[in-house]
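Chain by chain, the residues:
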Number of protein chains: 2
Amino acid sequence: MSVDTTCISTIRTLAADVVAKSNSGHPGAPMGMAPAAHVLFSQFLAANPKNSKWFNRDRFVLSNGHACVLQYTMLHLLGYKLSMDDLKLFRQLGSLTPGHPEAHHTDGIEVTTGPLGQGFANGVGLAIAGSHYAAVYNKPDFELINNFTYVFCGDGCLMEGVSAEAASLAGHLQLGNLIVVYDDNGISIDGHTNIAFTEDVGARFLAYGWQVLTVENGDSDLDAISKALAEAKAEKNKPTMIKLRTTIGFGSKEQGTHGVHGSPLKADDIVALKTKFGFPTDKKFYVPEDVYTYYADVAARGAAAEASWTASLAAYGQKYPKEHAELTRRIAGDLPEGWEKTLPVYKPTDAAQASRKLSEIALTSLSTVLPDLLGGSADLTTSNLTKVKGSVDFQPPSTKLGTYAGTYIRYGVREHGMGAIANGLAAYGGIIPFVGTFLNFVSYAVGAVRLSALSGHQVIWVGTHDSIGLGEDGPTHQPVETNAHLRAIPNLAFWRPADGNETSAAYSVALKSKTTPSVLALSRQNLPNLEGSTIERASRGGYVLIEEEQEDLTIVSCGSEVSIAVEAAKKLKEQGVKTRVVSLPCWYTFDQQDQEYRLSVLRSGAPILSLEALSTLGWERYSHEQYGLKGWGASGPYLKVYESLGLTGTNIAVVGQKVVDFYKKKGGPVVSPIVRAL
Amino acid sequence: MSVDTTCISTIRTLAADVVAKSNSGHPGAPMGMAPAAHVLFSQFLAANPKNSKWFNRDRFVLSNGHACVLQYTMLHLLGYKLSMDDLKLFRQLGSLTPGHPEAHHTDGIEVTTGPLGQGFANGVGLAIAGSHYAAVYNKPDFELINNFTYVFCGDGCLMEGVSAEAASLAGHLQLGNLIVVYDDNGISIDGHTNIAFTEDVGARFLAYGWQVLTVENGDSDLDAISKALAEAKAEKNKPTMIKLRTTIGFGSKEQGTHGVHGSPLKADDIVALKTKFGFPTDKKFYVPEDVYTYYADVAARGAAAEASWTASLAAYGQKYPKEHAELTRRIAGDLPEGWEKTLPVYKPTDAAQASRKLSEIALTSLSTVLPDLLGGSADLTTSNLTKVKGSVDFQPPSTKLGTYAGTYIRYGVREHGMGAIANGLAAYGGIIPFVGTFLNFVSYAVGAVRLSALSGHQVIWVGTHDSIGLGEDGPTHQPVETNAHLRAIPNLAFWRPADGNETSAAYSVALKSKTTPSVLALSRQNLPNLEGSTIERASRGGYVLIEEEQEDLTIVSCGSEVSIAVEAAKKLKEQGVKTRVVSLPCWYTFDQQDQEYRLSVLRSGAPILSLEALSTLGWERYSHEQYGLKGWGASGPYLKVYESLGLTGTNIAVVGQKVVDFYKKKGGPVVSPIVRAL
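Treat the numbers as computed from the prediction; the structure is a model and nothing was measured. Counting from 1, residues in each chain are numbered in the order their sequence is written. Each chain gets a letter, beginning with A, and each ligand a number, beginning with 1, in the order they are written. Local features in this predicted model are restricted to residues whose pLDDT is 70 or higher, and side-chain atom pairs enter the listing and the counts only when it is 80 or higher, whereas totals over whole chains, interfaces and linings include all residues. To obtain the side-chain values, all non-hydrogen atoms of the structure were used and water was disregarded.

## Considerations on the UniProt feature "binding site: substrate" (unreviewed entry) in chain A
We apply this condition: UniProt positions are given in the numbering used here, feature names are shortened, and annotations may be inferred rather than shown by experiment. In DSSP terms, a helix is any run of H or I states spanning at least four residues, a strand is any run of E spanning at least two, and both are numbered starting from the N terminus. Any two residues having at least one pair of non-hydrogen atoms within 4.5 Å are treated as being in contact. Counting of polar contacts relies on pairs of N or O atoms within 3.5 Å, with two restrictions inside protein: one atom must be capable of donating a hydrogen and the other of accepting it, and residues adjacent in sequence are counted only when both atoms are side-chain atoms.
This chain's UniProt record puts "binding site: substrate" (unreviewed entry) on His-26, His-261, Arg-356, Ser-383, His-465, Asp-473, His-477 and Arg-524 of chain A. Spatial dispersion of the annotated residues is evident: they stretch over 499 residues in sequence, and the largest pairwise C-alpha distance comes to 48.4 Å. Along the chain, the position of His-26 of chain A falls in the loop between α1 (3–22) and α2 (28–44). Setting aside anything within four residues of it in sequence, one finds His-26 of chain A in contact with Val-19, His-66, Arg-91, His-261 and Gly-262 of chain A together with Asp-473 of chain B. Beyond its immediate stretch of four places on either side in the chain, Arg-524 of chain A contacts Ala-354, Arg-356, His-465, Gly-469, Leu-470 and Glu-472 of chain A. Reaching out from Arg-524 of chain A, the side chain makes a polar contact with the backbone oxygen of Leu-470 of chain A at a distance of 2.9 Å.

Put into structure tokens, the structure is as follows:
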């Protein structure tokens, strides 16, 4: 038996053993893709298992994340921080080997996959990042950045729209450093792919502008796999898809059927499998010593490659100290000294502006000191105001529309792909991606947004047109539920700034949050700069904008409704109702403040009324009474839409009075909703 | 000037005038697509403007909904219930001509469009529905159902993943009754499509198995348009895409640029336009009389077509009374007599079962009386348990895998496409679509789900694996925020039934709700049948499961956590803490009950503690204290995951005691959170 065959049989039998022990998981794809994994990791993938964060490593993404036993096995065999005991704890609580791969959880995992199609699109992001870094930092005499991104994916990933969006963009962008190995095994959970997926995948990818190669026998023709990967690397101006024909669950009695997709192999099947492969049938988790030895050599080559690169980086530093300083700062994930000073500061006398415009001003200012920012929009640039004036498009040079050093990505109308690509950009390191669309269409991309939050990717969403305030486009474009939705996602900062200083605060906190994504909900309409708002105060997520001693009422609000609350408070005061106003632009950030501070903002003693031109769901956490949308918005000039829904200073004053009367009549002390048993 | 040219110039100048008057909207695409609209509506579209609901009408979908001035104009000219005054109120509050077309709002609008890609996928649903009806009800001597679905779309729609998913499935399904006219104008909001969308769209659709035709001059070559549409109709075994090369904003000084995409034409440009077309420059909203006459003839032909069809339907009734009765019942949107009696009823002694299994039992039973049910899953059939045993796949006969009369759709891994297709199925009439995936992946499809709710499409989502209770798959697959998200969408019923009777109740209410979509969140794990649950009680959305006089505590819960609440209540009672348990499977339904009932369920007097194994956001509306997930779930056997998060009877009893103690110490009356000023 050749060592290659032994390695592959080891991967296959380990997959069967690991899934059998946990009695849960997917053995089929790991067994089918074992040859491709072996060839890729041993012959192609430039990586150092002893330092999984080496910056110029090739990136590997297992888009069909349910096949993670394959990835965990490779990581273990190559000597990443993943022991055989970890493999034995597959899918157990608290283990390093959860049911799907999680970034920032297991050494060597680049991105979180499992939700189908995400990894594919993350891969496009990683490849964009690589091209960008290469264009910015490589010099004629120093090819510092030249890594590839390899993606494994299955049929499921390619049926998902998110991968279609990303694939079309990758073709347009001519990403020669992206190589996708498509496990064309003809099987998905429901059975043979002929029941729902009969398109010509290769022809589709050719239409996208990809190179498409086919390996007819992915089960055992290692030369063909190797040749295809080499050919893929050689094509510099197109991403490559390798259609790899494999047999799912290769070696099992049920190979080639969906019976091996998502269920453990039976005990007798595993015995038969090992017999077939010439492996001892009485041993579980068996790794022949020469397999460890073989992969140790591979790992040593990786360590040597990093050492050589590190020396090269030092030499680069001698010749290009400025670029070197910037590059190493970015690799370290630090922000440059003094960047915060560039944040715009506003006075109440400054002109009212839409917060999308305030966002543009902030981005313009930040871009002068933060080359880390790599922005884009899903074909709404002039609405989202995400393009800094003078910035260059990220485009293949042949288009003459930009360069790979450009910092503005034209995503096309592809929100979900954009979100997943941004996760890949963030995962690459040293890039802070921001992406723009209407707030309502962040919903198209939430499959990616929740993975940003789960994985701790610092992605900034510029969600403009953040309420009925967008006016004429009407309810199809007006978010209602989006605030509740995004506030319910753990580790996601949803900001709705009320004015210029709050917008700067949102950027300030978002940029400092290295492992938390942020969604900035920004208005289409103009907002006045508020008396009492400062970057510092807003950076706490919530603060008292208008203070009153022994108040009768507090109105808590955010975004474009804060100025309506201020107007209502003024009217109420004229009527003798002392009204405080609290601005709460970011619940997530506010909740991180200490209890004492939070209670000083939302204090006991008087009823608290919330005000937001979206769903009221969740505001009960911070208020006794809620005013907002009970249904959909409407198409019309925005002031009329606001008026029709009672969102005016005059009406909120009436509502506030009603609340005050109700609580007076009710009697007894009014306790802050912040005061809780739990 | 030929009458065709006059008609087209009228459409173009009206588009310019209407958008100019509202000073908001998109004139470019309507002006570019005017010839195609004219040819389609006058020569092809079988429809009766005087009865927009004629069942065998051709369906028209404007997927690029921002171009709705075109659709509104056509509806007006053809004599639908849309006056010139309505056109003049374009994008004004309360008008019949909102910023994007809304189903159930404007006569003649089939589906709500604007969010890009949705209409395209809706069209696939409409075409599936037509094929299905034809297969079920047509007889060799009666081709009762033979309508086509025509979709107009633009570049934006084709960049979106949702349309890619639907297009791939439509090709697989060989939908010969689907014809898409792609406005290939090379322009999107950010500029020329060459900045982000350079794929070969035609080749892509060929790869999907479509027929692809090209009209080189869509601006004025009416014969070519007509020929292409005829050729599309003639292809019976493939959907057709017609690539129509047009000039956006045809006739404007800025034609062919993105300057005419989303902004009104300037006054002088409109004058020049009218001059160019030989139209009076001093008249606005000008429709030559022969244009009205021409379209009146078209409308008359449509009315005659319906009359002839109605006669045919009557003759069909003579020969096939049973099919006729069923067909006419479905067209009327009625449910058959006695269908509710088929709902399964459970006793507490019945075996514990997963609610996904209870759902399967309900569907199996309901299917015997409800041919209206057209189900499917996004490649998770054996997990969602959505396929009724013995049901036939909806497949093209040539595949030999099913027939068009089949009631089970293999959607593939295409959640967003599935959701949007289901909207099309519902919009067709007489079909109640249900669709399955993991609850977590309903998030992939929310772009479609919120449009179900906005449009009032009765779609039933079978969202299984509804919490951390799915166990080993881990946090990538475990919903956390999904409950808050879906509960915040207006006109959407989110159900988390706790047992068999509650699952039947969920189906009962969902099937009766003709204009409200439902999402059923169902467990992977077994749930005991609860003492006290009945279909009738659960049908109110919330009810008292365990009653106690002068209670110390109420625990309100739903889904798989209700039995944990029951266990906690028992333990608390043993400790002398009288604890009520309220089951609240559907907030939306509960909120529709009268205040007296709701207050009897969630009454004042003792603290209320909520319990759900998802985000707590929003539970503040129904409880004083909340227990649930503060972060992500985890991969592991589900009981261990529950235990690690304190979701056990024992721990909830401890939490309950803490709540009781807290409120005792606080003193004063405890008022129900239902009691509100607003």
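There's more to say after this.
## Description of the pairing of strand β14 (residues 518–522) of chain B
Residue and element names in this part refer to chain B. The cut-off we apply is this: Each residue is assigned to one of three classes by its accessible area relative to the maximum for its type, calculated with a 1.4 Å probe on protein chains only: buried under 20%, partly exposed between the two thresholds, exposed over 50%. For two strands to be treated as a pair, DSSP must find no fewer than two bridges joining them. Consider the strands pointing away from the viewer: the crossover is right-handed when the path from the first strand over the helix to the second runs clockwise.
Of all 5 residues making up β14, 5 are buried, and the element is well covered by its neighbours. On β14, burial covers both faces: Ser-518, Leu-520 and Leu-522 on one face and Val-519 and Ala-521 on the other are all buried. Bridge count between strand β12 (residues 460–464) and β14: 5 bridges; the pairing is parallel. Note on β14: the bridge partner recorded for Trp-461 is Val-519. Relative to β14, strand β13 (residues 493–495) is paired through 3 bridges, and the arrangement is parallel. Its bridge partner being in β14, Trp-495 is matched across the sheet by Leu-520. Following the chain from β13 across helix α18 (residues 500–512) to the adjacent parallel β14, one finds a crossover that is right-handed.

## A closer look at the nonpolar core
Condition: In this text, buried Ala, Val, Leu, Ile, Met, Phe, Trp, Tyr and Cys residues form a nonpolar core when linked through side-chain atoms within 4.5 Å.
Residues Phe-120 and Trp-210 of chain A together with Phe-120 and Trp-210 of chain B are the most contacted members of the largest nonpolar core, which totals 305 residues. The contact partners of Phe-120 of chain B, leaving out residues within four places of it in the chain, are Ser-63, Val-151, Cys-153, Leu-158, Ser-163, Ala-166, Ala-167, Val-180, Phe-205 and Trp-210 of chain B.

## So, the sheet that holds strand β18 (residues 579–583) of chain B
Pairing between the strands of a sheet comes from backbone hydrogen bonds, and it takes one of two forms, parallel or antiparallel. Residue and element names in this part refer to chain B. Applicable threshold: In this analysis an axis means a line fitted to C-alpha atoms, helices contributing only their contacting stretch, and an angle means the value between N-to-C directions, from 0 to 180 degrees.
A sheet is described by the order of its strands in space; here 5 strands give the open sequence β16-β18-β17-β19-β20, paired in mixed fashion. Each edge of the sheet is formed by a strand with only one pairing partner; in this case those strands are β16 (543–546) and β20 (625–629). Averaged over neighbouring strand pairs, the angle between their axes works out to 30° when direction is ignored. Pairing between strand β17 (residues 553–557) and strand β19 (residues 608–615): 4 bridges, direction parallel. The residue of β19 that forms the bridge with Ser-557 is Leu-611.

## Regarding the interface of chain A and chain B
The test is simple: In short, buried area is how much 1.4 Å probe accessible area vanishes from two parts on joining, totalled over both. Salt bridges are defined as contacts in which a side-chain nitrogen from Lys or Arg sits within 4 Å of a carboxyl oxygen from Asp or Glu. In this count, Pro and Cys sit with the nonpolar residues alongside Ala, Val, Leu, Ile, Met, Phe, Trp and Tyr, while Asp, Glu, Lys and Arg are called charged and the others, Gly among them, polar.
Facing the 111 residues of chain A at the interface are 111 residues of chain B. Both sides of the chain A and chain B interface together cover about 9000 Å² of buried area, and 59% of this is carbon and sulfur. For the interface between chain A and chain B, the tally reads 8 salt bridges. Viewed at the interface, chain B and chain A are joined by 63 residue pairs in polar contact (both at pLDDT 80 or more). Examining the composition of the side of chain A that touches chain B, we find that 7 residues originate from one element, helix α7 (residues 161–172) of chain A, more than from any other. For the side of chain A that touches chain B, the residue count by class is 47 nonpolar, 39 polar and 25 charged.

## What to know about helix α10 (residues 267–277) of chain A
All names here are of chain A. What counts is decided by this rule: By arc we mean the arc of the directions from the helix axis to the C-beta atoms, nothing more.
Those residues of α10 not exposed but buried are Asp-269, Ile-270, Leu-273, Lys-274 and Phe-277. End-on, the buried residues of α10 take up no more than an arc of 135°, which puts them together on one face. Turned more than 90 degrees off the buried face of α10, the exposed positions are Ala-267, Thr-275 and Lys-276. Looking at the packing, one finds that the buried side of α10 touches α1 and α2.

## Structural notes on the UniProt feature "active site" (unreviewed entry) in chain A
UniProt feature "active site" (unreviewed entry): in the numbering of this structure it lies at Glu-415 of chain A. Tracing the backbone shows Glu-415 of chain A in helix α15 (residues 415–428). Excluding residues that lie within four positions of it along the chain, Glu-415 of chain A makes contacts with Glu-165, Ala-378, Thr-437, Phe-441, Tyr-444, Ala-445 and Trp-461 of chain A together with Glu-160 of chain B.

## Topic: the pattern of salt bridges
According to the stated counting rule, one finds 54 salt bridges over all chains in the structure shown. Asp-473 of chain A is the partner of Arg-91 of chain B in a salt bridge, and the nearest nitrogen-oxygen pair spans 2.8 Å. Taken as a pair, Arg-91 of chain B in the loop between α4 (84–88) and α5 (118–137) and Asp-473 of chain A in the loop between β12 (460–464) and α17 (482–487) lie in two separate chains rather than in one. Judged by its relative accessible area of 2%, Arg-91 of chain B falls in the buried class. Judged by its relative accessible area of 14%, Asp-473 of chain A falls in the buried class. Across the pair Asp-372 of chain B and Arg-329 of chain B runs a salt bridge, and its minimum N-O distance is 2.9 Å.

## Description of the sheet that holds strand β17 (residues 553–557) of chain A
Residues and elements named next belong to chain A. Spatially, β16-β18-β17-β19-β20 is the arrangement adopted by the 5 strands of the open sheet, whose pairing is mixed. The sheet is open, and its two edges are formed by β16 (543–546) and β20 (625–629), each paired on a single side. Pairs of neighbouring strands in the sheet enclose a mean axial angle of 30°, with direction left out of account. Along the sheet, helix α24 (residues 649–666) makes contact with β17, β19 (608–615) and β20, crossing β20 at roughly 155°.

## Overview of the domain arrangement of chain A
All names here are of chain A. Put simply, the rule reads: Each domain's extent was defined by an automatic or database domain assignment.
Partitioning chain A into domains gives domain 1 (3–304), domain 2 (339–527) and domain 3 (542–666). Between the C-alpha centres of domain 2 and domain 3 there is a distance of 26 Å. Listed per partner, the contact involves 28 residues of domain 2 and 31 residues of domain 3. Summing both partners gives a buried area of about 2400 Å² for domain 2 against domain 3, and 60% of it is carried by carbon and sulfur. Contact with domain 3 buries area across many residues of domain 2, yet Ile-468, Arg-487 and Arg-496 alone supply 28% of it, more than any other trio. Between domain 2 and domain 3 we count 3 salt bridges in total. Between Arg-496 and Glu-561 there is a salt bridge, and its shortest N-O distance comes to 2.8 Å. For the pair domain 2 and domain 3, the number of links is 18 residue pairs in polar contact (both at pLDDT 80 or more). Elements with a contribution of two residues or more to the side of domain 2 that touches domain 3: α17, β13 (493–495) and α18 (500–512).

## Let's talk about the packing of helix α7 (residues 161–172) of chain B against helix α15 (residues 415–428) of chain B
Residue and element names in this part refer to chain B. What counts is decided by this rule: Working rule for angles: under 35 degrees goes down as roughly parallel, over 145 as roughly antiparallel, 65 to 115 as roughly perpendicular, anything else as oblique.
One can describe the packing of α7 onto α15 by two numbers: an axis separation of 8 Å at closest approach and a directional angle of 75°. On the basis of their axis angle, the class for α7 and α15 is roughly perpendicular. Of α15, the residues touching α7 (which contributes Val-162, Glu-165, Ala-166 and Leu-169) are Glu-415, His-416, Gly-417, Ala-420 and Ile-421.

## Comments concerning the packing of aromatic side chains
Stated precisely, the cut-off is as follows: Two rings from Phe, Tyr or Trp (for Trp, the six-membered ring) form a pair when their centres sit within 6.5 Å of each other. Planes less than 30 degrees apart are called stacked, planes more than 60 degrees apart edge-to-face, and all others tilted. Note on geometry: a ring has a charge over it if NZ (lysine) or CZ (arginine) is within 6 Å of the ring centre and within 35 degrees of the ring normal.
Applying the stated criterion across every chain, the model contains 58 aromatic pairs over all chains. Centroid distance Phe-279 of chain B to Tyr-286 of chain B: 5.7 Å. Interplanar angle 80°. Geometry classified as edge-to-face. Owing to a relative accessible area of 8%, Phe-279 of chain B belongs among the buried residues under this scheme. These aromatic residues form a ring-pair network of at least three members: Trp-587, Phe-590, Tyr-597, Trp-619 and Tyr-622 of chain A. In this arrangement the basic side chain of Lys-139 of chain A is found over the ring face of Tyr-320 of chain A, its NZ or CZ atom lying 4.9 Å from the centre. Directly above the aromatic system of Trp-587 of chain B lies the positively charged group of Arg-487 of chain B, at a separation of 4.0 Å from the ring centroid.

## As for the environment of Lys-400 of chain A
Residue and element names in this part refer to chain A. Locating Lys-400 in the fold gives a position in the loop between α14 (381–384) and β10 (408–410). Residue classification places Lys-400 among the exposed residues on the basis of a relative accessible area of 74%. Considering only alpha carbons, one finds Lys-400 and Lys-665, 265 residues apart in sequence, at a separation of 71 Å.

## A word on the pairing of strand β7 (residues 240–245) of chain A
All names here are of chain A. Of all 6 residues in β7, 5 are buried; the element is thus mostly enclosed. Sheet analysis places strand β3 (residues 178–184) next to β7, joined by 6 bridges and oriented parallel. Residue pairing for β7: Val-180 is matched across the bridge by Met-241. For strand β6 (residues 211–215) and β7, the ladder comprises 5 bridges, and the chain directions are parallel. In the strand pairing of β7, Val-215 is matched with Leu-244. Each parallel crossover has a hand, and the one from β6 via helix α9 (residues 222–234) to β7 is right-handed.

## Describing the environment of Lys-578 of chain A
Residue and element names in this part refer to chain A. Topologically, Lys-578 is positioned in the loop between α20 (562–574) and β18 (579–583). The exposure class assigned to Lys-578 is partly exposed, which follows from its relative accessible area of 30%. Residues Lys-578 and Asp-594, spaced 16 residues apart in sequence, show a C-alpha to C-alpha distance of 27 Å. Here Lys-578 is in contact with Glu-548, Glu-549, Gln-550, Glu-551, Asp-552 and Leu-553, once residues within four sequence places are set aside.

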